[in-house]
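Analysis of the macromolecular model
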There are 2 protein chains.
Amino acid sequence: MQLIQNISDELILYGIKPSYHRIKIYEYIVNNNIHPTVDTIFKTLSNEIPTLSKTTVYNTLKLFEEQKLIKSVNIEENEIRYDARKNIHGHFKCERCGKIYDFDYNYNDLKYKGLEHFIFNKTDIMIKGICKLCASEN
Amino acid sequence: MQLIQNISDELILYGIKPSYHRIKIYEYIVNNNIHPTVDTIFKTLSNEIPTLSKTTVYNTLKLFEEQKLIKSVNIEENEIRYDARKNIHGHFKCERCGKIYDFDYNYNDLKYKGLEHFIFNKTDIMIKGICKLCASEN
DNA sequence: TGCATAATTGTAATGATTATAAAATAAAAA
DNA sequence: TTTTTATTTTATAATCATTACAATTATGCA
C-alpha cells in the first residue's frame, strides 16, 4: 500500500527502523491530527492490534520524539500530547471544551531579549482560553 | 513589618484572605524568583512552619492561580512550577542544567492566524534548548 | 462563650509515566 | 536451514506528582 510505504520511508529517513507497530503508531498520529494522548493512541490501535502494549506506545513515542519525527505538546497539566505537524505553529487549548487547536503566527517577527548565545531546540507558543465555538454558546 | 504588610495587601487585592500560611507561601514565591515546584516550596517552608502540610501548599497555589495572583509554568514534563512575575514574559528551559530562565519578547508584534473571536486567558512562549552558560562549557 | 465558616492537616486514592526483566521477533552468521 | 545475536515488544510492578476526602483546628461573629 502506498501510504504505508511513505510512512515507512519517513521513519527510515529519521533513523527509525520501521517495525509494524511503529508504522501503525506513526500512521495514526499523521492521519489523526488531534494531538492524541498515549491513552488515545493505545486504545484506538488496540482494536487493530490486540496484543499491543501501552509500554510499546510510550517507548515508540519517546523514540519518535528523540529522532525529531514528532513533537510532544505540553499544554495539559497532567498528560502529554503528540503532534506530527512539522511546520512551526502554536497551540491553543479551550478551557471549556478541552479541544486543542493549532494556529500559525509570524514567528519571523519574534524578538527575544536576553537569550543571546542560547541554543534553541524547541519553541512553542501556548495559549489557553475559550475557543470561538464555546464563546458563541453563552 | 512592611514587607509582610505589602504581601498581605496584595493577597486582599486579589480576593484572598491573608492567612499566615498564604502570606508565607506567596512571600516565598515573590522573594525567590526561581519558578519553584510545590516540593521546593513545601520543603523550604517546612523549616519555618513545621506543621505545614503539602496539601496546604497545593491548595494555596491552586487558589492563587485561580485568583490570577500567580501563574503556573508548564515547561517541565512531570511537575508544575510557579511564577509570581506579573509582566508578560516567556520561559526558556535549559535541557542540560535544568534551569528555567525568564525572557522578554515583543508580544505587541505577535499576530495569530485563525484565532479570531477566541478569548485569551493565558499566553506563554516556551523554549527548550541549551543556555549560554552550558553552551560555553563544551 | 458558643456557633458557623473557613483553613489546615494527614492519609489514602488516582493516574500518568518509567523501570525492569522476560518473551517474542527479526536479523545475521554459520 | 539451524544457530546465534540483537532488537522489539510485552506484562508487571514501582514511582511520583497531584487530588479526594474526612477529620481537625483556627477564625470571625452573634
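So, a few notes on the structure that sits alongside this text.

Criteria and cut-off values
Residues numbered from 1 in each chain as written. Chains lettered and ligands numbered in written order. Predicted model: local features only at pLDDT ≥ 70, side-chain atom pairs only at ≥ 80, totals over all residues. Heavy atoms only, no water. Helix = DSSP H or I, 4+ residues; strand = E, 2+ residues; numbered from the N terminus. Buried < 20%, exposed > 50% of the residue type's maximum accessible area, 1.4 Å probe, protein only. Contact = heavy atoms within 4.5 Å. Areas by Shrake-Rupley, 256 points an atom, 1.4 Å probe, with all protein chains shown as cover. Lys, Arg positive; Asp, Glu negative; His and termini not counted. Charge placed at Lys NZ, Arg CZ, Asp CG, Glu CD. Near = heavy atom within 4 Å. Polar contact = N/O pair within 3.5 Å; in protein donor to acceptor, adjacent residues only side chain to side chain. Nonpolar A, V, L, I, M, F, W, Y, C, P; charged D, E, K, R; others polar. Least-squares fit on C-alpha atoms with pLDDT ≥ 70 in both. Pairing = 2+ DSSP bridges. Expected span 1.5 Å × (residues − 1). Core = buried A, V, L, I, M, F, W, Y, C linked by side-chain atoms within 4.5 Å. Salt bridge = Lys/Arg side-chain N within 4 Å of Asp/Glu carboxyl O.

Counting its secondary structure elements, chain A contains five helices and six strands. Scanning chain A from its N terminus toward the C terminus, one meets helices and strands in the order α-α-α-α-β-β-β-β-β-β-α. The buried share of chain A, taken over its 138 residues, is 43%. Taking as baseline every contact in chain A between residues at least 6 positions apart, the subset at least 24 positions apart corresponds to 50%. When the accessible area of chain A is evaluated, it comes to approximately 7,600 Å², of which 51% is carbon and sulfur surface. Here chain A carries 19 positive and 18 negative side-chain charges, and the mean point of each set is 1 Å from the other.

Quick look at the protein's contact with DNA strand C now. In the region of DNA strand C, 16 residues are neighbours, and Tyr58(A), Ser19(B), Arg22(B), Thr51(B) and Thr56(B) sit closest. One of the backbone N or O atoms of Thr51(B) is found 2.7 Å from a phosphate oxygen in DNA strand C. In this structure, Thr55(B) approaches DNA strand C through a side-chain N or O atom, which is 3.3 Å from a base oxygen. The residue inventory of the surface near DNA strand C, partitioned by class, reads three nonpolar, nine polar and four charged.

Before going further, it helps to spend a moment on the relation of the copies chain A and chain B. Copy one and copy two of the chain differ by a rotation about a common axis and a shift along it. Mapping chain A onto chain B leaves a residual RMSD of 0.1 Å; the transformation is a rotation of 180° accompanied by 0.0 Å of translation along its axis. Look at the turn and shift together and you get a two-fold axis relating the two. Measuring from the rotation axis to each C-alpha of chain A, the shortest distance belongs to Ile125(A), at 2.2 Å. In this assembly, 100% of the residues forming the interface of chain A have copies in chain B that are likewise at the interface, indicating an isologous arrangement.

Spatially, eight strands are ordered β5(A)-β4(B)-β3(B)-β6(B)-β6(A)-β3(A)-β4(A)-β5(B) in an open sheet, and the strand pairing comes out mixed. Here the strands that pair on one side only, and so sit at the sheet edges, are β5 (112–113) of chain A together with β5 (112–113) of chain B. As judged from the four bridges shared by strand β3 (residues 90–94) of chain A and strand β6 (residues 119–130) of chain A, these two strands associate in the parallel manner. Within β6(A), the residue paired with Phe92(A) across the bridge is Ile127(A).

Near DNA strand D there are 16 residues, and of these Ser19(A), Arg22(A), Thr51(A), Thr56(A) and Tyr58(B) occur at the shortest range. Here DNA strand D approaches the protein such that, of its atoms within 4 Å, sugar and phosphate make up 80%. Between a phosphate oxygen of DNA strand D and a side-chain N or O atom of Ser19(A), the distance comes to 2.6 Å. Every element with two or more residues in the surface near DNA strand D is listed here: α2 (20–31) and α4 (54–66) of chain A together with α4 (54–66) of chain B.

We now examine helix α2 (residues 20–31) of chain B. Here α2(B) is 12 residues long and its end C-alpha atoms lie 16 Å apart, about the 16 Å a rise of 1.5 Å per residue gives. If you check which residues of α2(B) are buried, you get Ile23(B), Lys24(B), Ile25(B), Tyr26(B), Glu27(B), Tyr28(B) and Ile29(B).

With 26 residues, the main nonpolar core has Phe92(A), Ile125(A), Phe92(B) and Ile125(B) as its most contacted residues. Those elements that provide at least two residues to this core are β3, β4 (100–105) and β6 of chain A together with β3 (90–94), β4 (100–105) and β6 (119–130) of chain B.

This part takes up the interface of chain A and chain B. The partner chain B presents 36 residues to the 35 residues of chain A that form the contact. Scanning the region where chain A abuts chain B turns up zero salt bridges. At the junction of chain A with chain B, the criterion picks out 19 residue pairs in polar contact (both at pLDDT 80 or more). If one sorts the elements of the side of chain A that touches chain B by residue count, β6(A) sits on top with 12 residues.

Here the focus is the pattern of salt bridges. According to the stated counting rule, one finds 24 salt bridges over all chains in the structure shown. Notably, a salt bridge pairs Asp104(B) with Arg85(B), separated by 3.7 Å at the nearest N-O pair. Placement of the pair is Asp104(B) in strand β4 and Arg85(B) in the loop between β2 (81–83) and β3, with a sequence separation of 19 residues. Salt bridges sharing partners connect three or more residues here, namely Glu76(A), Glu77(A), Arg81(A), Lys93(A) and Lys128(A).

Another point: unusual backbone geometry. Not every positive phi belongs to a glycine, and Lys68(A) is a case in point at roughly 60°. Looking at where Lys68(A) falls in the secondary structure, it is placed in the loop between α4 and β1 (71–73). Overall, the relative accessible area of 53% leaves Lys68(A) in the exposed class. Residues other than glycine seldom take positive phi values, yet His117(B) does so here, at roughly 70°. Here His117(B) is to be found in the loop between β5 and β6.

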